[in-house]
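# Summary of the model geometry
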Amino acid sequence: MKKITLICTLFLLIAATSATFAQATPANFTGAKATLKNYKALYVINNGDEKKIAGTLRNLKNALDDPRLKGKINAELIAFGDGVAVYQKNGSFEKTLLELQSRGVILAQCENTVRERKIEKNTLFDFISYVPSGNGEIIIRHYQGWAVVHP
């Protein structure tokens with residue numbers, strides 16, 4: 001009888017304390033709190049598909065518009081490989097890129113891609129910046145504490 005009482009007591013104790021440690025219900029969850037003064041995010045694009053590029057630019061804009069991050073985020077878009085399509089003058093992204101740049105987003109293109117693919121820089125937007133390598137940019141930014149986002 002003592003064993004049954006002990007087991008029942010332990011069961012009730014566990015049940016009572018587990019409710020204390022339970023996660024918030026979906027109705028109460030509001031997401032992570034932005035408690036830092038500054039956040040840094042590097043968005044990576046190495047895909048030339050227009051839908052993928054548009055999605056990446058939309059994700060970047062959404063981060064800038066997130067009320068938790070408003071005024072607290074430094075962002076960079078690094079393009080390499082097939083992602084160079086985002087910066088080509090014959091593409092459809094100029095307006096969006098200029099809007100992002102006006103909001104402080106750094107627009108960077110990998111020099112290796114330009115050189116290896118023999119791309120003339122005059123075919124790319126003149127308002128972008130260049131870095132020696134896209135992979136190098138990712139590595140350096142990672143160790144500088146930047147979140148690397150590859151949608």
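Up top is the structure these notes are about.
Residues numbered from 1 in each chain as written. Predicted model: local features only at pLDDT ≥ 70, side-chain atom pairs only at ≥ 80, totals over all residues. Heavy atoms only, no water.

The next subject is the overall build of the chain. Counting secondary structure elements, the chain contains five helices and five strands. For the chain, the N- to C-terminal ordering of α and β elements is α-β-α-β-α-β-α-β-α-β. Across the 151 residues of the chain, 33% fall into the buried class. Carbon and sulfur atoms provide 59% of the accessible area of the chain, an area that totals close to 9900 Å². (Helix = DSSP H or I, 4+ residues; strand = E, 2+ residues; numbered from the N terminus. Buried < 20%, exposed > 50% of the residue type's maximum accessible area, 1.4 Å probe, protein only. Areas by Shrake-Rupley, 256 points an atom, 1.4 Å probe, with all protein chains shown as cover.)

Turning our eyes to something else, we now look at the environment of Phe127. Within the secondary structure, Phe127 is located in the loop between helix 4 (111–116) and strand 4 (129–131). Look at Phe127 and you get buried, because its relative accessible area is 16%. Separated by 29 residues in sequence, Phe127 and Leu98 have C-alpha atoms that sit 8.3 Å apart.

Here we have five strands laid out as an open sheet, ordered 4-3-2-1-5, and parallel in their pairing. Since the sheet does not close on itself, it has two edges, and those belong to strand 4 and strand 5 (147–149), each with one partner. Across the sheet, the mean angle from the axis of one strand to that of its neighbour is 30 degrees, orientation sign disregarded. With three bridges joining them, strand 1 (residues 39–45) and strand 5 adopt parallel strand pairing. Opposite Tyr43, over in strand 5, you have Val149 as the bridge partner. Against the sheet, helix 2 (residues 50–65) contacts strand 1 and strand 2 (73–79), and its axis sits at roughly 175 degrees relative to strand 1. (Pairing = 2+ DSSP bridges. Axes fitted to C-alpha atoms, helices over the stretch in contact; angles between N-to-C directions. Contact = heavy atoms within 4.5 Å.)

This next bit is on the pairing of strand 1. Counting buried positions along strand 1 gives five out of seven residues, so the element sits mostly inside the fold. Tracing the backbone out of strand 1, into helix 2 and back to the parallel element strand 2 gives a crossover that is right-handed. (Right-handed = clockwise from strand over helix to strand, strands pointing away.)

Looking down a regular strand, the side chains alternate between one sheet face and the other. Burial of strand 2 is extensive: six of the seven residues sit out of reach of the surface. Note that strand 1 and strand 2 share seven bridges and pair parallel. In the sheet register, Lys40 faces strand 2, and the bridge partner there is Asn74. Sheet analysis places strand 2 next to strand 3 (residues 106–110), joined by four bridges and oriented parallel. What sits directly across from Ile78, in strand 3, is Ala108.

Here we come to the side chain of Glu137. Within the fold, Glu137 resides in helix 5 (residues 134–143). What Glu137 contacts, discounting residues up to four positions off in sequence, is Leu42, Glu76, Ile78 and Val131.

Another aspect to go through is the nonpolar core. Core analysis: the biggest nonpolar cluster contains 29 residues, and Leu57, Leu77, Val86, Tyr87, Leu97 and Leu107 have the highest contact counts within it. If you list the elements that add at least two residues to this core, you get strand 1, helix 2, strand 2 and helix 3 (94–102). Looking at which element gives the most residues to this core, the answer is helix 2, with five residues. Other than its neighbours up to four places away in sequence, Leu97 contacts Leu57, Leu77, Val86, Tyr87, Leu107, Phe125 and Phe127. With nine residues, the next largest nonpolar core counts Val44, Ile78, Phe80 and Val131 among its residues. (Core = buried A, V, L, I, M, F, W, Y, C linked by side-chain atoms within 4.5 Å.)

Our focus in this paragraph is unusual backbone geometry. Even without being glycine, Lys118 reaches a positive phi, approximately 55 degrees. By the element assignment, Lys118 lies in the loop between helix 4 and strand 4.

Any functional reading would require information that these geometric values do not contain.
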